[in-house]
Amino acid sequence: MWTIHHYDELPSTQTLARSLFDEAKAGHGEVFVAAHQSSGRGQYVWRMWDDEPGANLLLSFILTDIPESISDVMQFVAGLSVLSTIRTILDRELRSFDASRVKLKWPNDILLDGKKVSGVLSEAVWSGQSLKGVIIGIGINVNQESFPARVASKATALKHILADTLPLQQTRDLLLATIEYTLRYYTDRARLLADLRSELEWMKSLSVESATTPDGATFSSLTISGISDSGALIVQTSEGTEHVLQSATLNFKA
Ligand code: BTN
């Protein structure tokens, strides 16, 4: 399914995949991998994705052949695929590994022992009302030993709990094989939502200090009560008012 293009350095695999797709020079199943990005992009314009050259997995891929039943929840297919890939690797490397040490944090962060080990960026490309394709970018911190001060307390890498450096190519191949598999497995949307809800259940015990949506609305003192059928976060204020957040940045109480 995949055609892989490898680069030693790029500004961003996501920017490259997007512009080649827009110019009709790349399509379904093409994967852009970089050993280093000089301007890696995060989920928000203000959030950069930094990496130590050669240490991590950084890739973006294009999907146009998207099952109708899950076209609006592709970011969760990607997030659950990354979660499964990381658990498989750690389980193999460490033999007895407690899978709950790796968690999905809504919408798309993957945490290892409470610190971010991977992030997913999903961009839908529309032609009027019809979905032309989705470009998914994934960064997994694999072998990076140390992080810049501003993220050091919040970021980690697989290497932090492993004795040896992991081969990036094998990690990439396992991730892509897992994505190919989950794309078929989660064509059953009910199955996807059930797995998503079960993976996010742990977040119900967190207190959300504030949530800000992309249009600037802010809600304070929230608890998480569930996940809607479109993958939105259902929250409740202390007065009991419910809000459904399709997209939001969350600040948690310590
Ligand atoms: C996030 O958690 O904010 C999403 C991070 C996504 C990072 C990946 S690295 C490969 C791809 N290229 C980019 O510029 N960003 C994504």
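As the structure is a prediction and not an experimental result, all values here were calculated from the model.

Student: Break down the site of the ligand for me, with residues and values.
Tutor: In the region of the ligand, 21 residues are neighbours, and Ser12, Gln37, Arg41, Gln43 and Lys116 sit closest. Measuring from an oxygen atom of the ligand, one finds a side-chain N or O atom of Ser12 at 2.7 Å. Within the backbone of Arg41, one N or O atom sits 2.6 Å away from an oxygen atom of the ligand. Judged by the fraction of its atoms near the pocket grid, the ligand is located in the largest cavity. Of all the elements in the fold, those that place two or more residues in the shell around the ligand are helix 1 (13-22), strand 3 (57-63), strand 6 (115-127) and strand 7 (130-140). A breakdown of the residues in the shell around the ligand according to their chemical character gives six nonpolar, eleven polar and four charged.

Student: Please provide a residue-by-residue account of the sheet that holds strand 4 (residues 102-105), values included.
Tutor: The seven strands lie next to each other as 1-2-3-7-6-5-4, forming an open sheet whose pairing is mixed. The open sheet terminates on both sides in strands that have one partner only, identified here as strand 1 (3-7) and strand 4. When the angles between neighbouring strand axes are averaged without regard to direction, this sheet yields 20 degrees. In this structure, strand 6 lies alongside strand 7, joined through ten bridges in antiparallel fashion. Note that in strand 7 the partner of Trp126 across the bridge is Leu131.

Student: Help me get a handle on the sheet that holds strand 10 (residues 233-237), residues and values and all.
Tutor: Strand pairs in the sheet, formed through backbone hydrogen bonds, run parallel or antiparallel to each other. Reading across the sheet, the five strands line up as 11-10-9-8-12 and stay open at both edges, with antiparallel pairing between neighbours. Each edge of the open sheet carries a strand with a single partner, namely strand 11 (242-245) and strand 12 (249-252). On average, adjacent strands in this sheet sit at an angle of 45 degrees to one another, irrespective of strand direction.

Student: Which residues make up the side chain of Gln144, and what values do they have?
Tutor: Structurally, Gln144 can be placed in the loop between strand 7 and helix 3 (168-185). Leave out the neighbours within four places in its chain, and Gln144 touches Asp51, Glu52, Ala55, Asn56, Ala157 and His160.

Student: If you had to explain the packing of aromatic side chains to someone new, which residues and values would you point to?
Tutor: Applying the stated criterion to the full structure yields three aromatic pairs. On the numbers, 5.2 Å between centres and 70 degrees between planes, the contact of Trp2 with Phe61 is edge-to-face. Of this pair, Trp2 sits in the segment before strand 1 while Phe61 sits in strand 3; the two residues are 59 residues apart in sequence, bridging distant segments of the chain. Here Trp2 matches Phe61 in class, with each residue buried. Arranged with centres 5.0 Å apart and planes meeting at 70 degrees, the rings of Tyr185 and Tyr186 form a pair that is edge-to-face. Residue classification places Tyr185 among the partly exposed positions, given a relative accessible area of 28%. Of note, Lys132 hangs over the ring of Phe21, and the distance from its end group to the ring centre comes to 5.4 Å. Lying over the aromatic face of Tyr185, Arg191 brings its terminal NZ or CZ to 4.0 Å of the ring centre.

Student: Explain the environment of Lys25 to me, using residue names and the numbers behind them.
Tutor: Its location among the elements puts Lys25 in the loop between helix 1 and strand 2 (30-34). Not counting residues up to four positions away in its chain, the partners in contact with Lys25 are Leu20 and Glu30. A distance of 2.9 Å separates the side chain of Lys25 from the side chain of Glu23, its partner in a polar contact.

Student: Explain the layout of surface pockets residue by residue, including any values.
Tutor: Looking at the largest pocket, its volume works out to about 950 Å³. Along its surface, the largest pocket is lined by 33 residues, and Arg47, Lys105, Asp109, Lys116 and Lys154 are the ones closest to its centre. Listing elements by their share of the lining of the largest pocket, those giving two or more residues are strand 5 (109-112), strand 6 and strand 12. The greatest single-element share of the lining of the largest pocket, amounting to four residues, is contributed by strand 12. Looking at the lining of the largest pocket residue by residue, the classes come out as 17 nonpolar, seven polar and nine charged. Taken together, 21 residues form the lining of the second largest pocket, with Gln43, Gln75, Leu121, Ser122 and Ser247 sitting closest to its centre. Every element with two or more residues in the lining of the second largest pocket is listed here: helix 2 (74-94) and strand 6. The dominant element in the lining of the second largest pocket, judged by the number of residues it contributes, is strand 6, at four residues. Taken together, the residues of the lining of the second largest pocket break down into eight nonpolar, nine polar and four charged.

Student: Could you give me a rundown of the pattern of salt bridges, with the residues and numbers involved?
Tutor: Within this structure, the stated rule accounts for eleven salt bridges. In this structure, Arg87 engages Glu199 in a salt bridge whose closest nitrogen and oxygen atoms are separated by 3.0 Å. Of this pair, Arg87 sits in helix 2 while Glu199 sits in helix 4 (residues 189-200), and the two are 112 residues apart along the sequence. In this structure, Asp229 and Arg197 form a salt bridge, with 2.8 Å as the shortest nitrogen-oxygen distance. On the criterion of sequence distance, the pair formed by Asp229 in the loop between strand 9 (218-227) and strand 10 and Arg197 in helix 4 is long-range, its members being 32 residues apart. On the basis of relative accessibility, which here comes to 53%, the residue Asp229 falls in the exposed class.

Cut-off values and rules
Residues numbered from 1 in each chain as written. Predicted model: local features only at pLDDT ≥ 70, side-chain atom pairs only at ≥ 80, totals over all residues. Heavy atoms only, no water. Near = heavy atom within 4 Å. Polar contact = N/O pair within 3.5 Å; in protein donor to acceptor, adjacent residues only side chain to side chain. 1 Å grid on protein atoms, 1.4 Å probe; cavity = no way out; pocket = protein on both sides within 12 Å on 5 of 7 lines; lining within 4 Å. Sits in = over half its atoms within 2 Å of the grid points. Helix = DSSP H or I, 4+ residues; strand = E, 2+ residues; numbered from the N terminus. Nonpolar A, V, L, I, M, F, W, Y, C, P; charged D, E, K, R; others polar. Pairing = 2+ DSSP bridges. Axes fitted to C-alpha atoms, helices over the stretch in contact; angles between N-to-C directions. Contact = heavy atoms within 4.5 Å. Phe/Tyr/Trp six-rings, centres within 6.5 Å; stacked < 30°, edge-to-face > 60°. Buried < 20%, exposed > 50% of the residue type's maximum accessible area, 1.4 Å probe, protein only. Lys NZ or Arg CZ within 6 Å of the ring centre and 35° of its normal. Points joined across faces, edges and corners; volume = space filled by probe spheres on them. Salt bridge = Lys/Arg side-chain N within 4 Å of Asp/Glu carboxyl O.

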